[in-house]
Amino acid sequence: MKRRKRKDDGFTLIELMIVIAVIGILAVVLVPRFAGVKTSAKLVGVTTNVHELDVYITSQIGNWNAQAAASQGGGSAQNGDALAAAAISTNYGTTVTNPINGSTTILSLLSGGTDPGTDAVVISDSAPDPSVTRTGEVFVTLNMDPTNQYLIDSVNIQGYDNSGSTYGSQVTVTP
């Protein structure tokens, strides 16, 4: 009877255990890095929303002020902030999503109301309430002209990360 060579017998138990140990070590090293990639991708989404709103508001703020100034003398005058809130809600609202929770809601606090901190965009004429924890939101503050309350003086845009802290730098748009 002819004896087979060692090569033909397959893997030994020691060889298999070494391969499993190497795979385990790679998993321990790489899995935490992939979790961080997912979080940073969501934060990039917040930054993208801030920049998209910046571009949109920059392109429209002059029109809003012109419309508000034109309607200022009539009985149906609209403030620039009301025009801005309506335009952001209707024209821009279909493209923005909160990257943390998937919300597509654009909330206007110009006529009051409460802010749960889970919307995609919040539009207000006052600073954000510090007691509300915001996750992934973009907060838009419309600052009216002190000499003419119909016109927008500037717009501040700020994004929030997954822990509710401000993320990135605040963007200010002026007409």
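Residues numbered from 1 in each chain as written. Predicted model: local features only at pLDDT ≥ 70, side-chain atom pairs only at ≥ 80, totals over all residues. Heavy atoms only, no water.

Brief notes about the overall build of the protein chain
Condition: Under the scheme used here, helices are H or I runs from DSSP no shorter than 4 residues and strands are E runs no shorter than 2 residues, and both carry numbers assigned from the N terminus. Relative accessible area decides the class of each residue, using a 1.4 Å probe on protein chains only: under 20% of the type maximum gives buried, over 50% gives exposed, and in between gives partly exposed. Note on contacts: a residue pair is in contact if any heavy atoms of the two residues lie within 4.5 Å.
Within the protein chain one finds two helices and five strands. Seen in sequence order, the protein chain has helices and strands lined up from the N terminus as α-α-β-β-β-β-β. Counting over 175 residues, the protein chain shows a buried share of 34%. By sequence separation, contacts in the protein chain at least 24 residues apart represent 42% of the contacts at least 6 residues apart.

Structural notes on the pattern of salt bridges
This is how it is decided: Any carboxyl oxygen of Asp or Glu that lies within 4 Å of a side-chain nitrogen of Lys or Arg is treated as forming a salt bridge with it.
What the rule picks out here adds up to one salt bridge. Across the salt bridge formed by Arg-134 and Glu-137, the nearest N and O atoms sit 2.8 Å from each other. Relative accessible area serves as the criterion here: at 2%, Arg-134 is assigned to the buried category.

What about a nonpolar patch on the surface?
Stated formally: The patches described consist of residues with a relative accessible area above 30% and no salt bridge, like charges being joined within 9 Å and nonpolar side chains (Val, Leu, Ile, Met, Phe, Trp, Tyr) within 5 Å. Areas reported as accessible are Shrake-Rupley estimates using a 1.4 Å probe. Residue values count occlusion only from the protein chains shown.
Residues Ile-14, Ile-18, Val-22, Ile-25, Leu-26, Val-29, Leu-30 and Phe-34 make up a contiguous nonpolar surface patch of roughly 780 Å² in combined accessible area. Here Ile-25 shows up in helix 1 (residues 13-71).

Observations regarding the pairing of strand 5 (residues 166-173)
The criterion, for reference: A pair of strands is labelled paired if DSSP reports no fewer than 2 bridges between them.
When strand 4 (residues 152-160) meets strand 5, the two strands line up antiparallel, connected through five bridges. Following the sheet pairing, Gly-159 is matched in strand 5 by Tyr-167. Counting the residues between successive antiparallel strands, the hairpin from strand 4 to strand 5 contains five residues, one of them, Gly-164, with a positive phi of roughly 95 degrees.

Observations regarding the confidence of the model for the protein chain
Quick reminder of the rule: Each residue gets a pLDDT score, which is the predictor's confidence in that residue and runs from 0 to 100.
For the protein chain, the average pLDDT comes to 82, and 89% of its residues sit at 70 or higher. Mean pLDDT across the secondary structure elements of the protein chain bottoms out at helix 2 (residues 80-92), with 75, and peaks at strand 4, with 90.

Some thoughts on the environment of Ala-84
Relative to the helices and strands, Ala-84 resides in helix 2. Residues Ala-84 and Asn-63 lie 21 residues apart in sequence; the distance between their C-alpha atoms is 9.4 Å. Those residues in contact with Ala-84, other than ones at most four positions away along the chain, are Trp-64, Leu-142 and Ile-152.

So, the sheet that holds strand 4
Rules: A fitted line through C-alpha atoms serves as each axis, taken over the contacting stretch for helices, and the angle formed by two N-to-C directions is quoted from 0 to 180°.
One open sheet holds the five strands; their spatial order is 1-2-3-4-5, and the pairing between them is mixed. Of all the strands in the sheet, the pair left with one neighbour each is strand 1 (106-108) and strand 5. Shown here is a sheet whose adjacent strand axes are inclined to one another by a mean of 15 degrees, direction ignored.

Description of the side chain of Asp-145
Our working definition: Residues scored as positive are Lys and Arg, those scored as negative are Asp and Glu, and His as well as the terminal groups of each chain are ignored.
Examined against the element boundaries, Asp-145 turns out to sit in the loop between strand 3 (138-144) and strand 4. Although Asp-145 is buried, it forms no salt bridge, and the closest oppositely charged side chain is Arg-134 at an N-O distance of 25 Å.

Quick look at helix 1
We apply this condition: What a helix is expected to span follows from its residue count: subtract one and scale by 1.5 Å. The term bend refers to the angle at a residue between two fitted axes, each drawn through seven residues, those ending there and those starting there.
An ideal rise of 1.5 Å per residue puts 87 Å on 59 residues; helix 1 measures up with 84 Å between its terminal C-alpha atoms. The sharpest bend along helix 1 comes to roughly 40 degrees, located at Gln-60.

Some details on the packing of aromatic side chains
Put simply, the rule is: Any two rings among Phe, Tyr and Trp, with Trp reduced to its six-membered ring, count as a pair given centres within 6.5 Å; such a pair is stacked if its planes are under 30 degrees apart, edge-to-face if over 60, and tilted if neither. Whether a charge lies above a ring is judged from NZ of Lys or CZ of Arg, which has to be within 6 Å of the ring centre and within 35 degrees of the ring normal.
Here the structure, examined in full by the defined rule, presents one aromatic pair. Above the face of the Tyr-160 ring, Arg-134 is positioned so that its terminal group lies 5.8 Å from the ring centre.

Some words on the nonpolar core
The line we're drawing: Grouping buried Ala, Val, Leu, Ile, Met, Phe, Trp, Tyr and Cys residues that are joined through side-chain atoms within 4.5 Å yields what is termed a nonpolar core.
With 27 residues, the main nonpolar core has Ile-57, Trp-64, Val-121, Val-140, Val-155 and Ile-157 as its most contacted residues. Elements with a contribution of two residues or more to this core: helix 1, helix 2, strand 2 (121-124), strand 3, strand 4 and strand 5. Not counting the four nearest positions on each side in its chain, Ile-157 is found in contact with Val-50, Leu-53, Asp-54, Ile-57, Val-138, Phe-139, Val-140, Ser-169, Gln-170, Val-171 and Val-173.

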